[in-house]
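# Residue-level structure breakdown
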Amino acid sequence: MAEKKTVDPAIIEILEKAEADGVSTAFDRAETTKPCPIGHEGNCCKNCFIGPCRLTGKTTVGVCGATRETVAARNLAREIASGAAAHSDHGRDMAHTLLAAAQGEAPDYRVKDEKKLRVVARYLDVETEGRTKEEIAIDVATKALGEFGRQQGELYYPKRAPLKRQQIWHNLGVTPRGIDREIVETLHRTHMGNDQDAEHILDHAMRTALGDGWGGSMLSTDISDILFGTPVPVAARSNFGILKEDEVNVVVHGHEPTLSELIVVAASDPELIEYAKSKGAKGINLAGICCTANEILMRQGIPVVGNFLSQELAIATGAVDAMVVDIQCIMQGIQAASEPYHTKIITTSPKAKITGATHIEFDEHHALDIAKQIIRLAIDNFPNRKKEKVHIPDFVDHLVAGFSHEYIAYMQGGMYRESFRPLNDAVIQGRIRGGAGVVGCNNPRVTQDDPHLYIVKELIKNDVLVLTTGCNAIACAKQGLLTPEVMEYAGPGLREICQTIGIPPVLHVGSCVDNTRILTILTQMATEGGLGEDISDLPAVGFAPEWMSEKALSIGAYFVASGVTTWMGVGSPVAGSEEVTKIITEGWMDKVGAAYYFEPDPEKAVREALAHIDAARKALKLEEYSPTRYAKSATYLPGDYLSAEEFEKGSYSRSAAS
Ligand code: XCC
């Protein structure tokens, strides 16, 4: 049965162990707890205490008279607002850290990427001439913080979008004014007895999501780059086999890089390594889950254990001495999962505690001390490991990550002529058919990683270059899809380009907040020339095949509002209202040139997406895409590149843990 739960053989192996050890996982609970069919489709209204009103069967309106359209639209808008709040609050904390660092109050942080600081300063109208980086950073952080509570005018970052797009937002009245303001206004509008026109509610949902994509999340990405460095390609490893039987294993999980970056420093502290040895371990091994993993993978090459559905199973290896969590996507189930083992769950955010877990609160003013305290606790816990309960599945996959927007531009021309010209030309010629952002979560309602991998493989086979983030990126990593060696999966034109530039056909651009890198990359492609003038002109699409979080809904909404037609998998949270489904598909296509689809069938989603890409090519009057036009010789296959057949057999990435 485990095969149906996941396509990852390492997870299949550890699921059996978890079951034997009596550990309940999300996979099991998804079988016993079915989704409420009314809420699932957006038909349950619990916005006041007259209800909850369940609009099902003959009941088509709530006690107040709210229709299915209004209820479904309000529910979706609230979910988007919650997702936008999560991303943006993360961005706010990054700005606070930058401010504290620049003011000398957070001595463990500094401006690492001054070049990026100066670029960001320009976006925020901060003077740079003749000023120190600390002076600039104080103003950048202060202006960034001002964007959250802004009461006058509009956000700075939407001005980074193509002019045509800005005009569309302006005409529609959806340019975000203040990040927090749009979120609060969504809650206000959807309070009982307020905005009751589905289309009107959903226009504001777009504005809220844009405040995330072109506001909170984009600021988060930029400030993380300023503090920790803009990513460049880095080779790393993934999957359970990166855990070590003879070392102290510390797994970081969540989303923020602030503490985890210093845990990286603490884990290589010679004194602490000696301390670990004094407890019988050979060293300290650091690894990550979810987007905290992506953050330190992108910049430090720290290995990744797995994505969202791997969190309880990492504990079930019996080999994790501490799981250190911050915010978002942390299942409460990890605490119960840790109980049969020795694993210490350590919560660190002032915003997130788990009953029963150890809480060591993070404070950026004393960050390294706190990171060392956490590592010390993990080391102290190492002797408590129950050796008979340890089993680490022997799977390790190799990957290359670290493709920031800046690096993708650099690799297409070097320091003196960085641009997107080669990529645009490849799309114009039809060597590359189009581009796709494939992102988002795991959801135990579908076979883990199966829709992710199916969609990515189909896209690259069809010469579509894939940009990936979040848990999709980790699914790809675990299948070796983030290595240049998997060219056999790519179509001939895409393969030619990737081999020429020396990149994988699937580019890992970062964590969930880094979906904004996809926005800026598409903006540059749209304004580079030859592919129209707006993001919606591009032969580009978005996917979140296994979405589950409200953040994914916000990301999907800002992709669409930015002009990227997007397919969300699993099912639709507004299936209960045909009217709302129409508003966000046909209606939004008319308004913003892109549609928001919820399509549980990955094959259908890919078919529709390829048709969308081809239609965009046609509208741009580009050559019709032909898979046989280029790379006819197809002889370039270096000796160490593997065939798809060999890859499937596992001779490359399914290597031994050593
Ligand atoms: Fe969470 Fe960012 Fe989703 Fe993964 S992908 S389950 S949100 S970790 Ni954004």
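Residues numbered from 1 in each chain as written. Predicted model: local features only at pLDDT ≥ 70, side-chain atom pairs only at ≥ 80, totals over all residues. Heavy atoms only, no water.

## A look at the packing of aromatic side chains
Summed over all chains, the structure comprises 11 aromatic pairs. Where Y109 meets F228, the ring centres are 6.1 Å apart and the plane angle is 70°; that geometry is what we call edge-to-face. Here Y109 is found in the loop between α5 (68-102) and α6 (114-123), whereas its partner F228 is found in helix α10 (residues 198-228), with 119 residues between them in sequence. Their ring planes at 65° and their centres at 5.7 Å tell us that W169 and W214 sit as a pair that is edge-to-face. (Phe/Tyr/Trp six-rings, centres within 6.5 Å; stacked < 30°, edge-to-face > 60°. Helix = DSSP H or I, 4+ residues; strand = E, 2+ residues; numbered from the N terminus.)

## Topic: the environment of N424
Checked against the element boundaries, N424 lands in helix α18 (residues 421-429). Spatially, the C-alpha atoms of N424 and M525 are 6.4 Å apart, while their sequence positions differ by 101 residues. Those residues in contact with N424 that lie beyond four places of it in its chain are M525, E528, G529 and L531. (Contact = heavy atoms within 4.5 Å.)

## Describing the pattern of salt bridges
Counted according to the given criterion, the structure contains 40 salt bridges. Its salt-bridge partner being E147, residue R150 comes within 2.9 Å of it at the nearest N-O pair. The closest approach of N and O atoms between R189 and E185, which form a salt bridge, is 3.0 Å. Of this pair, R189 and E185 are both found in helix α9 (residues 179-189), four residues apart, which corresponds to roughly one turn of the helix. E185 sits in the buried class, given a relative accessible area of 18%. One connected set of salt bridges, linked through shared partners, spans K116, R160, D222, D225, E295, R299, E406, D514 and R517. (Salt bridge = Lys/Arg side-chain N within 4 Å of Asp/Glu carboxyl O. Buried < 20%, exposed > 50% of the residue type's maximum accessible area, 1.4 Å probe, protein only.)

## Remarks on the packing of α9 against α10
Two numbers describe how α9 lies on α10: the axes approach to 8 Å, and their chain directions differ by 155°. It follows that α9 is roughly antiparallel to α10 by the angle criterion. Two packed elements cross with a definite hand, and for α9 against α10 that hand is left-handed. Residues I179, E182, I183, E185, T186 and R189 of α9 touch α10, and the partners they reach there are H200, H204, R207, T208, G211, G215, G216 and L219. Split into classes, the residues belonging to the contact of α9 with α10 amount to three nonpolar, seven polar and four charged. (Axes fitted to C-alpha atoms, helices over the stretch in contact; angles between N-to-C directions. Parallel < 35°, antiparallel > 145°, perpendicular 65-115°, else oblique. Left-handed = near helix turned anticlockwise from the far one by under 90°. Nonpolar A, V, L, I, M, F, W, Y, C, P; charged D, E, K, R; others polar.)

## Overview of the site of the ligand
Lining the immediate environment of the ligand, one finds H255, C290, C291, F308, C329, G440, C441, C471, C512, M548, S549 and K551. Across the shell around the ligand, the residue classes break down as eight nonpolar, three polar and one charged. (Near = heavy atom within 4 Å.)

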